[in-house]
2 protein chains.
Amino acid sequence: MTKTKNTAELILDTAQSIVQDVGFNGFSYSHIAEKVGIRTASIHYYFPSKEDLGEALIVRYRKSFISAIDQIDSETQNNLEKFRKFILIYKAPVQECCTCMGVMFATDLATLSSKVQEGLAHLFTANLEWLERVLDQGRRNGHLNFEGAANVRAHQFLASLQGAQLLAKSFRDLSRFDMIADGLISALT
Amino acid sequence: MTKTKNTAELILDTAQSIVQDVGFNGFSYSHIAEKVGIRTASIHYYFPSKEDLGEALIVRYRKSFISAIDQIDSETQNNLEKFRKFILIYKAPVQECCTCMGVMFATDLATLSSKVQEGLAHLFTANLEWLERVLDQGRRNGHLNFEGAANVRAHQFLASLQGAQLLAKSFRDLSRFDMIADGLISALT
DNA sequence: GTCTATAGGTGGATAGAC
DNA sequence: GTCTATCCACCTATAGAC
């Protein structure tokens, strides 16, 4: 039973997909309004300034990321399989020739409010902590095999997926992403 | 004997540093004009439209990248040492809390002209071809030690450096870049 | 809550004087 | 080549009717 989305959610959905396409400085309220089928004044009713919209976007994005990794944890035992599912989170936007919102906000960082900047750092920290934990557990229980500090590996893993998105987008070639992601999995077995 | 830079070069220098800070959609001609100390009309004299400016930026950027890797090839024999110098190219912008222009253009891709999009793909292809060649040579002459296809490794290497830039920028922490870059070197020895 | 209307500012871009 | 002056389109944001 899917609850009908309210206007604020529709605006955020649309804004996120636009940000992932053209970045936070590449669109205006009129772009959102057109897609949602409302007027720009209505968007200002929910998100008075574009800064407010940015903050709502990153807060919601982090929450939905936390939900996603919680679900992976609850439905998956094998740590290697957890990584495969994590990779799918990063693959999804690439299939629409986009980049995830975290990467978009990271490049736009200098033009974003400090709250959004902090939200982005929190998001990446959540990514890294989860990766480090799964790496650690996986090595201890034998699901994974790698050398060196799990913290460093977590950084390498995340950076690779972010760069893989950029290359796939630039070449409009999903296989570039898969090539890199497959290598990450191979390196853990 | 450094030749005095002409106005067009000053504009491009300034535009590039701004793009690396705020992206192609995060600035206007007035930002460049202010930094260079001229009027916006003068910029339009050299680059009639912002699209023209973008094309000039990516063309010049690719040329300067080719020069950089040519110099590495001419002054360095050891292939591992070549990689260390290549990494420094990607580290430079991070030291100013920026991201290289290739990464910025990659995220802004959807808003750029097709010429800029093609220029970016050419730039990344030049990166990947050089990396693949050095990987191949290094493995054959014993400077490097790794398994799998050099082409795949080249993609992983480049993606990691791009992601490393994003993480370092987001956390304002250069050590995040170093951590990832050091891991790349370790994996080749 | 959503609209119309509009203010006030900034964007890219051009004309023409010097 | 560089400037002043200016155009028009678009942007963010607000006021007030419904």
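Scroll up for the structure.
What comes next concerns the included structure. Keep in mind it's a predicted model, so treat the numbers as computed, not measured.

All right, on to the overall build of chain A then. The number of helices and strands found in chain A is nine helices and zero strands. When its helices and strands are written in sequence order, chain A yields α-α-α-α-α-α-α-α-α. Taking 2.2 N^0.38 as the reference for a compact globule, 189 residues should give roughly 16 Å; the C-alpha atoms of chain A span a radius of gyration of 18 Å, in line with that estimate. Counting only C-alpha atoms, chain A reaches 55 × 35 × 35 Å along its principal axes. At a minimum sequence separation of 6, the contacts of chain A that also span at least 24 residues come to 67%. Approximately 8600 Å² of chain A is accessible, and the part contributed by carbon and sulfur atoms is 49%. With 20 positive and 21 negative side-chain charges, chain A shows a spacing of 2 Å between the two charge centroids.

The next subject is the side chain of Q156 of chain A. As for its placement among the helices and strands, Q156 of chain A is situated in helix α8 (residues 150–171). Here Q156 of chain A is in contact with M179, I180, G183 and L184 of chain B, once residues within four sequence places are set aside.

Between the two copies, chain B and chain A, the superposition gives an RMSD of 0.0 Å; the rotation angle is 180° and the shift along the axis is 0.0 Å. Considering both components of the superposition, the chain copies are consistent with a two-fold axis. When you check the interface residues of chain B against chain A, 100% turn up at the interface there too, and the contact is symmetric in its surfaces.

Our next topic: the packing of aromatic side chains. Residues and elements named next belong to chain A. Going through the model one piece at a time under the given rule, you end up with 20 aromatic pairs over all chains. Seen in terms of ring centroids, Y45 and Y46 are 5.0 Å apart; in terms of plane orientation they differ by 85°. Their pairing is edge-to-face. A residue is classified by how much of its surface remains accessible, and Y46, at 35% relative accessible area, is partly exposed. Their ring planes at 70° and their centres at 6.2 Å tell us that F83 and W130 sit as a pair that is edge-to-face. One end of the pair, F83, is in helix α5 (residues 79–94); the other, W130, is in helix α7 (residues 114–141), and 47 residues separate them in sequence.

Let's shift gears to the protein's contact with DNA strand D. Neighbouring DNA strand D are 17 residues, the closest being S28 and K50 of chain A together with R39, S42 and Y46 of chain B. At a separation of 3.0 Å, a phosphate oxygen of DNA strand D approaches a polar side-chain atom of T7 of chain B. When grouped by side-chain class, the residues that make up the surface near DNA strand D number eight nonpolar, seven polar and two charged.

What follows deals with the pattern of salt bridges. Residue and element names in this part refer to chain A. Per the counting criterion, the structure on display carries 16 salt bridges over all chains. The closest approach of N and O atoms between K91 and D178, which form a salt bridge, is 3.0 Å. Residue K91 is found in helix α5, and its partner D178 is found in helix α9 (residues 174–186); the two are separated by 87 residues along the sequence. Residue K91 is classed as buried on the basis of its relative accessible area, which comes to 18%. In this structure, the salt-bridge partner of R176 is D173, at a minimum N-O distance of 3.1 Å. In this structure D173 comes out as partly exposed when scored by relative accessible area, which is 24%. Put simply, K5, D13 and R60 are held in one network by salt bridges that share partners.

This part covers the packing of helix α4 (residues 50–75) of chain A against helix α6 (residues 101–108) of chain A. Residues and elements named next belong to chain A. At a minimum axis distance of 11 Å, the contact between α4 and α6 shows a crossing angle of 140°. In this view, α4 runs oblique relative to α6, as classed from their interaxial angle. For the element pair α4 and α6, the recorded crossing hand is left-handed. Between α4 and α6, the contacting residues are G54, L57, I58 and Y61 on the first element and M101, G102 and F105 on the second. For the contact of α4 with α6, the class distribution of residues is five nonpolar, two polar and no charged.

It is worth spelling out the side chain of Q20 of chain A at this point. Its place among the elements puts Q20 of chain A in helix α1 (residues 7–22). Excluding residues that lie within four positions of it along the chain, Q20 of chain A makes contacts with Y61, P93, C98, T99, C100, M101, M104 and K169 of chain A.

If you check the shell around DNA strand C, you find 17 residues, and the closest are R39, S42 and Y46 of chain A together with S28 and K50 of chain B. Take the atoms of DNA strand C that sit within 4 Å of the protein: sugar and phosphate atoms are 74% of them. Side-chain polar atom of S30 of chain B to a phosphate oxygen of DNA strand C: 3.5 Å apart, as the coordinates give it. Contact between DNA strand C and H44 of chain B: a base nitrogen at 3.1 Å from a side-chain N or O atom of the residue. Contributions of two or more residues to the surface near DNA strand C are made by α3 (40–46) of chain A together with α2 (29–36) and α3 (40–46) of chain B. With four residues, the top contributor of residues to the surface near DNA strand C is α3 of chain A.

Definitions and limits used
Residues numbered from 1 in each chain as written. Chains lettered and ligands numbered in written order. Predicted model: local features only at pLDDT ≥ 70, side-chain atom pairs only at ≥ 80, totals over all residues. Heavy atoms only, no water. Helix = DSSP H or I, 4+ residues; strand = E, 2+ residues; numbered from the N terminus. Rg over C-alpha atoms; globule rule 2.2 N^0.38 Å. Contact = heavy atoms within 4.5 Å. Areas by Shrake-Rupley, 256 points an atom, 1.4 Å probe, with all protein chains shown as cover. Lys, Arg positive; Asp, Glu negative; His and termini not counted. Charge placed at Lys NZ, Arg CZ, Asp CG, Glu CD. Least-squares fit on C-alpha atoms with pLDDT ≥ 70 in both. Phe/Tyr/Trp six-rings, centres within 6.5 Å; stacked < 30°, edge-to-face > 60°. Buried < 20%, exposed > 50% of the residue type's maximum accessible area, 1.4 Å probe, protein only. Near = heavy atom within 4 Å. Polar contact = N/O pair within 3.5 Å; in protein donor to acceptor, adjacent residues only side chain to side chain. Nonpolar A, V, L, I, M, F, W, Y, C, P; charged D, E, K, R; others polar. Salt bridge = Lys/Arg side-chain N within 4 Å of Asp/Glu carboxyl O. Axes fitted to C-alpha atoms, helices over the stretch in contact; angles between N-to-C directions. Parallel < 35°, antiparallel > 145°, perpendicular 65-115°, else oblique. Left-handed = near helix turned anticlockwise from the far one by under 90°.

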